[in-house]
Amino acid sequence: MKSIRTQVGIIGAGPAGLLLSHILHLQGIESIVLEKSSRNTVEAIIKAGVLEQGTVDLMNQIGAGDRMMKEGLAHEGIIMRFDGRDERIHFPELTGGKSVMIYAQHDVNKDLIKARLASGGDIRFEARDVSIYDLDSSTPKIRFRGKGDEPSKEADEVTEITCDFIAGCDGFHGVSRQAIPQEVIRIYERVYPFGWLGILSDTPPVNHELIYTNHERGFALCTMRSTTRSRYYLQVPADEDVSDWSDDRFWTELKRRIPPDAAATLQTGPSLEKSVAPLRSFVAEPLRHGRLFLAGDSAHIVPPTGAKGLNLAVADVRFLTEALAAFYKSGSSDQLDGYSDRCLARVWKAQRFSWWMTNLTHRFPEALPFERRAQAAELAYLAGSQAAQTALAENYVGLPLV
Ligand code: APR
Ligand code: PHB
């Protein structure tokens, strides 16, 4: 078995792992990133791309924001559609000038991989059988099979990385969270009784801003990846089979749920991708066990309605890099000890907002008549209250980091 050493072993090369590795590098801290998928797979992932101002600022600060600033779309508002009316939530007016950036997650991944490799980063793609050891020691270890650093080596070579710390950035289905003992970890979860059927098409977006619609047939969202590539979602039953949905069926249903003027101008086209994703709210506490620190989707999942997933991962990484930098600079573990609580304070506010936004915009199959009327009243209140719109806007653009 081959043995190597680094300061921080990072599992996962999604936004959390890539961002962590790059910011640590800028702080003079070494890391190795282990990613089970190929680089092409990581750079092709199709996921939401709404970046909070803080995320945009950080990408620019670390020198990975050039393409985002050229190709990203600045958005100053969203349209909430309900009860036959449209209500625009105007972010700058309600938040003292803040807005969001539409920029696809796979582009964030591409830009971070490019920046990290250009700065000499060590990212091991197609790393298999990743496992974690000695979390309670000061030298935790990660083992994996895959191409060693000499490509000629056997693909099945086992390598062991001895670290000071391990960062679990391997998403909801990763191995890191599983390394926290059952008697230690606490799980909080809400699985929603519906999913999102999403379609990607090379057609111009139906509207220049996102449209969230609460329709009697179910929720729909009109969003985009660029001015020539659109993304649309329909609420469907949680067990819906995507093979039951031809492109034509999708477009016909979407037109029934979105505003009539949008339906009349909607440009349809062949799907580049079509899939059903489940919706869940999920938090694992604590985000730290011994020398293991969870960041991003490995620790928490939000329903995509609030567009918080990527931004929460970024916030965790900010906190973790600050804590690790303090440790290596002064030997203090105070920020490492406070990492989990600091992340969770933000995570739970984003969980509450995403849960609230989902309850406000979706039709729940088992909703009581009272609940449906209360939902309609909340939407009407939102339409008529600057205070309600401010609350939505300040959460959507991203709460201040504390
Ligand atoms: N070994 C190595 N890598 C792994 C393993 C494993 N056992 N399991 C998962 N991974 C990799 C995945 O292939 C993926 O590239 O970890 C990465 C996790 O990335 P994400 O799932 O994107 O999670 P994160 O970086 O926290 O970003 C959160 O991305 O998934 C979206 O909606 C989510 O927007 C949110 C953001
Ligand atoms: C997306 O562009 O995929 C997207 C945007 C906003 C959301 C969810 C998804 O709330």
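Anyway, here's the lowdown on the structure attached to this text. (Residues numbered from 1 in each chain as written. Chains lettered and ligands numbered in written order. Predicted model: local features only at pLDDT ≥ 70, side-chain atom pairs only at ≥ 80, totals over all residues. Heavy atoms only, no water.)

### Overview of the overall build of the protein
Inclusion rule: Helix and strand definitions here come from DSSP, where helices need a minimum of 4 consecutive H or I residues and strands a minimum of 2 consecutive E residues; each element is numbered from the N-terminal end. For a compact globule the rule gives 2.2 Å times the number of residues to the power 0.38, and the radius of gyration it is set against comes from C-alpha atoms. Under the scheme applied here, a residue whose accessible area is under 20% of the maximum for its type counts as buried, over 50% as exposed, and between as partly exposed, the area being computed with a 1.4 Å probe on protein chains only. Working definition of accessibility: Shrake-Rupley area with a 1.4 Å probe, residue cover restricted to the visible protein chains. Only four residue types enter the tally: Lys and Arg on the positive side, Asp and Glu on the negative side, with His and both chain ends excluded. The atoms used to mark charge sites are NZ of Lys, CZ of Arg, CG of Asp and CD of Glu.
For the protein, the count of helices and strands is twelve helices and 21 strands. In terms of overall size, the protein behaves like a compact globule, its C-alpha atoms giving a radius of gyration of 22 Å where 402 residues would be expected to give roughly 21 Å. Reported as C-alpha extents along the three principal axes, the dimensions of the protein are approximately 65 × 45 × 40 Å. Looking at the protein residue by residue over its 402 residues, the buried ones come to 56%. When the accessible surface of the protein is summed, it comes to about 17,200 Å², and 50% of that surface belongs to carbon and sulfur atoms. Measuring between centres, the 46 positive side-chain charges of the protein sit 1 Å from its 52 negative side-chain charges.

### Side note on the side chain of H300
Note the cut-off: In the analysis that follows, any N or O atom pair within 3.5 Å is treated as a polar contact, provided that within protein one partner can donate a hydrogen and the other can accept it, and provided that, for residues neighboring in sequence, both atoms belong to side chains. Any pair of residues with heavy atoms lying within 4.5 Å of one another is described as a contacting pair.
Note on placement: H300 falls in strand β21 (residues 300-301). Side-chain polar atoms of H300 contact the side chain of D316, separated by 2.5 Å. Leave out the neighbours within four places in its chain, and H300 touches F282, V283, L312, A313, D316, V347 and Q351.

### Comments concerning the sheet that holds strand β12 (residues 158-162)
Threshold: Two strands form a pair only when DSSP identifies at least two bridges running between them. Here the axes come from fitting lines to C-alpha atoms, over the contacting stretch only for helices, and the angles between their N-to-C directions go from 0 to 180 degrees.
If you trace the four strands from one edge of the open sheet to the other, you get β1-β12-β11-β10, paired in mixed fashion. At either end of the open sheet lies a strand with only one pairing partner, and these are β1 (2-5) and β10 (128-133). Each strand axis lies, on average, 20° off the axis of its neighbour in the sheet, ignoring direction. In this structure, β10 lies alongside strand β11 (residues 141-145), joined through four bridges in antiparallel fashion. The residue bridging Y133 from the neighbouring strand is K141, located in β11.

### Notes on empty space enclosed by the protein
The criterion, for reference: We place a 1 Å grid over just the protein atoms. Points where a 1.4 Å probe fits but has no way out form a cavity, open points with protein on both sides within 12 Å along at least 5 of 7 lines form a pocket, and any residue with an atom within 4 Å of a point lines it. Grid points are joined across faces, edges and corners, and a volume is the space filled by probe spheres set on the points. Three residue categories are used. Nonpolar comprises Ala, Val, Leu, Ile, Met, Phe, Trp, Tyr, Cys and Pro, charged comprises Asp, Glu, Lys and Arg, and polar comprises the others, including Gly.
A complete count under the given rule lists two cavities of 30 Å³ or more for this structure. Residue assignment for the lining of the largest cavity shows that the elements contributing at least two residues are β15 (210-215) and β16 (218-224). Taken together, the residues that form the lining of the largest cavity break down as eleven nonpolar, two polar and one charged. Counted as a void, the second largest cavity has a volume near 40 Å³. For the second largest cavity, the full set of lining residues is P15, L19, T55, L58, M59, V108, L112, L310 and V314. Of all the secondary structure elements, the ones that give two or more residues to the lining of the second largest cavity are α1 (15-26), α3 (53-61), α6 (105-118) and α9 (309-330). If you tally residues by element for the lining of the second largest cavity, the top one is α3, at three residues.

### A short note on the layout of surface pockets
To locate leftover empty space, one rolls a probe as large as a water molecule over the atoms. By volume, the second largest pocket amounts to about 390 Å³. Lining the second largest pocket are 16 residues, and of these N359, F364, A367, E371 and Q375 sit closest to its centre. The set of elements that each furnish at least two residues to the lining of the second largest pocket consists of α10 (334-361) and α11 (369-384). Sort the elements by how many residues they give to the lining of the second largest pocket and α11 lands first, with five residues. For the lining of the second largest pocket, the residue count by class is eight nonpolar, three polar and five charged.

### Brief notes about the site of ligand 1
What counts is decided by this rule: We define proximity as follows: a residue is near a molecule or strand when any one of its heavy atoms falls within 4 Å of that partner.
Close contacts around ligand 1 come from 23 residues, with A16, E35, K47, D297 and L310 the closest. P15 is positioned with one of its backbone polar atoms (N or O) 3.3 Å from an oxygen atom of ligand 1. Between ligand 1 and A16 there is a distance of 3.0 Å, counted from an oxygen atom to a backbone nitrogen or oxygen. Isolated, ligand 1 exposes 700 Å² of accessible area, and the fraction of that covered by the protein chains is 85%.

### What about the pattern of salt bridges?
What counts is decided by this rule: Any carboxyl oxygen of Asp or Glu within 4 Å of a side-chain nitrogen of Lys or Arg constitutes a salt bridge here.
Taken as a whole and judged by the stated rule, the model has 23 salt bridges. A salt bridge links K308 to E52, with the shortest nitrogen-to-oxygen separation between them at 2.6 Å. With K308 in the loop between β21 and α9 and E52 in the loop between β4 (50-51) and α3, the pair connects residues that are 256 residues apart, well separated along the chain. Look at K308 and you get buried, because its relative accessible area is 3%. A salt bridge links R217 to E253; the shortest N-O distance between them is 2.7 Å. Within this pair, whereas R217 is found in the loop between β15 and β16, its partner E253 is found in helix α7 (residues 247-257), the two being separated by 36 residues in sequence. Take E253: its relative accessible area is 7%, and that puts it in the buried class.

### Notes on the pairing of strand β7 (residues 85-90)
Pairing analysis gives six bridges linking strand β6 (residues 77-82) to β7, with the strands arranged antiparallel. The partner of G77 across the bridge, within β7, is H90.

### Describing the site of ligand 2
Keep this limit in mind: For a molecule to be placed in a cavity or pocket, more than half of its atoms must lie within 2 Å of the grid points of that cavity or pocket.
Residues in close proximity to ligand 2 include A48, V50, W196, L210, Y212, L221, T223, R225, Y233, P304, T305 and A307, which together make up its full environment. At 2.9 Å from an oxygen atom of ligand 2 is found a side-chain nitrogen or oxygen belonging to T223. In the model, an oxygen atom of ligand 2 is placed 2.7 Å from a nitrogen or oxygen of the P304 main chain. According to the grid-proximity analysis, the pocket containing ligand 2 is the largest cavity. Of all the elements in the fold, those that place two or more residues in the shell around ligand 2 are β15 and β16.

### So, the pairing of strand β2 (residues 8-11)
Applied cut-off: Handedness of a crossover: with both strands directed away from the viewer, a clockwise path from the first strand across the helix to the second marks it as right-handed.
Of the two faces of β2, the one carrying V8 and I10 and the one carrying G9 and I11 are both buried. Summarising the sheet, β2 and strand β3 (residues 31-34) pair through four bridges and their orientation is parallel. Directly across from G9, in β3, lies its bridge partner I32. With respect to chirality, the unit in which β2 leads through α1 into the neighbouring parallel β3 is right-handed. For β2 and strand β13 (residues 165-168), the ladder comprises four bridges, and the chain directions are parallel. Across the sheet, I10 pairs through a bridge with A167, a residue of β13.

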